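# Coordinate analysis (summary)
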Amino acid sequence: MAAAPIAVVTGASSGIGAATARQLAAAGYRVVLTARRKDRIEAVAAEINEAGHQAMAYGLDVTDREAVDAFATAFREVAVLVNNAGGALGADPVATGDPADWRQMYEVNVIGVLNLTQALLPSLIASGDGTVVVLSSTAGHATYEGGAGYVAAKNGARVLAETLRLEIVGQPVRVIEIAPGMVKTEEFATTRFRGDTEKAAKVYEGVAEPLTAEDVADTVTWAVTRPPHVNIDLLVVRPRAQASNTKVHREQR
């Protein structure tokens, strides 16, 4: 009996990454969860294994190229790479934004994707049916006030995916970009506002049903499990209440 294909998910300690790992495991993949917080991914992996699926945890900082290269040596073939690790810091205007925040967002959202994709591309090709998923954002497709640093980083991730698709056409590897809009997870907005839960709550105020991590994971899993000749180049997913990055319907209290 052939071994289950391997799916690597970065940023899998919580939110979209953890939900994606769960759903890909349920779809029959042997999932490798990576994140800096090893205790969190070990807990998610244990949960997946207890449910009768296959998962393992590997502590990894996607911005550490030496560590990424060492991680990649463990795999001869990888079927799926989900580049999910990322995030936003701050919501300051360009005039007062902290360059350190911009640099950190670029390192995680762009260089992190580059590191994992470069390191695992030979294994993805060797699988004969590889898939690279880049979790970008609607921020990578349209800007908004206070979001320039995050928008710039997600634009970088978007362009990386588009360019990679051009450069490896003819190889047995698909490149999929999933661009979520407003997703309410336990950490994204809180991290962006440096632990200010009041500011974080205002992001979703009056929005009856923002997307959940599970909604995005379902979208990723659907795209990955299409027939091998079908490439979902770009899938933008928003809640019904969000028409654009700057147009959101909020219920009146």
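As shown above, the structure is provided for reference.
Now for a description of the structure that goes with this document.

The rules we used
- Residues numbered from 1 in each chain as written.
- Predicted model: local features only at pLDDT ≥ 70, side-chain atom pairs only at ≥ 80, totals over all residues.
- Heavy atoms only, no water.
- Pairing = 2+ DSSP bridges.
- Helix = DSSP H or I, 4+ residues; strand = E, 2+ residues; numbered from the N terminus.
- Axes fitted to C-alpha atoms, helices over the stretch in contact; angles between N-to-C directions.
- Salt bridge = Lys/Arg side-chain N within 4 Å of Asp/Glu carboxyl O.
- Buried < 20%, exposed > 50% of the residue type's maximum accessible area, 1.4 Å probe, protein only.
- Right-handed = clockwise from strand over helix to strand, strands pointing away.
- Polar contact = N/O pair within 3.5 Å; in protein donor to acceptor, adjacent residues only side chain to side chain.
- Contact = heavy atoms within 4.5 Å.

Okay, the sheet that holds strand β7 (residues 234-237) next. The strands that make up a sheet are held in pairs by hydrogen bonds between backbone atoms, and each pair lies either parallel or antiparallel. With parallel pairing, the seven strands of this open sheet are ordered in space as β3-β2-β1-β4-β5-β6-β7. With partners counted over all chains shown, the strands left at the sheet margins are β3 (54-59) and β7, one partner each. Looking at each pair of strands side by side, their axes are set apart by 15° on average, direction ignored. With six bridges joining them, strand β2 (residues 30-35) and β3 adopt parallel strand pairing. If you follow R30 over to β3, its bridge partner there is Q54.

What follows deals with the pattern of salt bridges. Side-chain pairs of opposite charge can arise where the charged atoms are in close proximity. In this structure the tally under the stated criterion is six salt bridges. For R22, the salt bridge is made with E47, and the minimal N-O distance between the two is 2.7 Å. Of this pair, R22 sits in helix α1 (residues 15-26) while E47 sits in helix α2 (residues 38-50); the two residues are 25 residues apart in sequence, bridging distant segments of the chain. R22 sits in the partly exposed class, given a relative accessible area of 29%. Given the relative accessible area of 37%, E47 is considered partly exposed. For the salt bridge of E77 with R76, the shortest nitrogen-to-oxygen distance reads 3.3 Å. On the basis of relative accessible area, E77 is assigned to the partly exposed category, the value being 32%. With relative accessibility at 66%, the residue R76 sits in the exposed group.

In terms of residue burial, β2 counts as a mostly covered element, since five of its six residues are buried. Considered for its hand, the β-α-β crossover made up of strand β1 (residues 6-9), α1 and β2 is right-handed. Crossover handedness for the path β2 to α2 to β3: right-handed.

Here N245 shows up in the loop between β8 (242-244) and β9 (247-248). When its relative accessible area of 18% is taken as the criterion, N245 is described as buried. Here the side chain of N245 touches T138 through a polar contact of 2.8 Å, side chain to side chain. Leaving out residues up to four positions away in the same chain, N245 has contacts with T138, A139, A142, Y144 and R238.

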